[in-house]
Amino acid sequence: MRMLLKVTFCLLTLCFLSTSVSAQKYKSAIGARLGYPLSVSYKTFISDSDALEVYAGFRGFSTSRWVSVSGAYQRHGELDDVLEGLSWYFGGGASVYFWSYDFGGDFANTSFGIQGYLGVDYKFSETPLNLTLDWIPSIFIGNGFTRGFGGGYGSLGVRYVLGE
């Protein structure tokens, strides 16, 4: 597990060093991440290519539920030659999860997550709307309902652009 983390860190560092800077299409946006988990999201650019995103989510099943709070750093690159307003991004972040589950009793727990981000970001030219689609592989740490690697996380983000 430690070796996997070291290799991932080295690859992300290489990507950061080799990524060209691109112009942002908007300053900030607020909306929803429609996925796993369902979340409220705020994203803001801190430079032409770098963005911060924070979001809070909820997921519920018949025997378990969780609330999560997450933050991410994302590095964007242009794909304007494919479609005007389109960019790709990658990054990393962390989350805290508050679990509640019932398996013959009422239990609650807290765990942490380390996430990677890989996605595409599209800003419509004629309307203040932004769409993202991403994959968020996660490593869960702690005594929560889920532990270890989770590769099934990601979402479709739909946000209202606050500043261009």
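First things first, this report covers the structure right here in the doc. Model, not experiment: these values are computed from the prediction. (Residues numbered from 1 in each chain as written. Predicted model: local features only at pLDDT ≥ 70, side-chain atom pairs only at ≥ 80, totals over all residues. Heavy atoms only, no water.)

## Considering the overall build of the chain
- Regarding its fold elements, the chain presents one helix and ten strands.
- Traced from its N-terminal end to its C-terminal end, the chain shows the element sequence α-β-β-β-β-β-β-β-β-β-β.
- Scored against the burial criterion, the 164 residues of the chain give a buried share of 38%.
- By sequence separation, contacts in the chain at least 24 residues apart represent 51% of the contacts at least 6 residues apart. (Helix = DSSP H or I, 4+ residues; strand = E, 2+ residues; numbered from the N terminus. Buried < 20%, exposed > 50% of the residue type's maximum accessible area, 1.4 Å probe, protein only. Contact = heavy atoms within 4.5 Å.)

## Quick word on the pattern of salt bridges
- The tally for this structure, following the rule as stated, stands at five salt bridges.
- Two residues, Asp121 and Lys43, come together in a salt bridge whose shortest N-O distance is 3.0 Å. Separated by 78 residues along the polypeptide, Asp121 in strand S6 (residues 106-123) and Lys43 in strand S2 (residues 38-45) bring together distant segments of the chain. Here the two residues Asp121 and Lys43 agree in accessibility, since each one is buried.
- Here Glu53 ties to Arg159 by a salt bridge, and the two come within 2.7 Å at their closest N and O atoms. (Salt bridge = Lys/Arg side-chain N within 4 Å of Asp/Glu carboxyl O.)

## With respect to the pairing of strand S4 (residues 64-78)
- Sheet topology places strand S3 (residues 50-60) next to S4; eleven bridges connect them, and they run antiparallel. Directly across from Glu53, in S4, lies its bridge partner Ala72.
- Turn length for the S3-S4 hairpin, with the two strands adjacent in sequence and antiparallel, is three residues.
- Sheet analysis places S4 next to strand S5 (residues 86-102), joined by 15 bridges and oriented antiparallel. (Pairing = 2+ DSSP bridges.)

## Here we look at the side chain of Lys43
- Overall, Lys43 belongs to the buried group, its relative accessible area being 0%.
- Side-chain polar atoms of Lys43 contact the side chain of Gln74, separated by 3.0 Å.
- There is a polar contact of 3.0 Å between the side chain of Lys43 and the side chain of Asp121. (Polar contact = N/O pair within 3.5 Å; in protein donor to acceptor, adjacent residues only side chain to side chain.)

## A short note on the nonpolar core
- Formed by Tyr55, Trp66, Ala72, Tyr89, Tyr97, Trp99, Tyr101, Tyr117, Ile136, Phe140 and Tyr153, the largest nonpolar core amounts to eleven residues.
- Every element with two or more residues in this core is listed here: S4 and S5.
- Take this core: its biggest share by element is four residues, from S5.
- Counting residues in hydrophobic clusters, the runner-up holds five residues, among them Ala29, Phe45, Ala51 and Val161. (Core = buried A, V, L, I, M, F, W, Y, C linked by side-chain atoms within 4.5 Å.)

These figures come from the coordinates and say nothing about function on their own.
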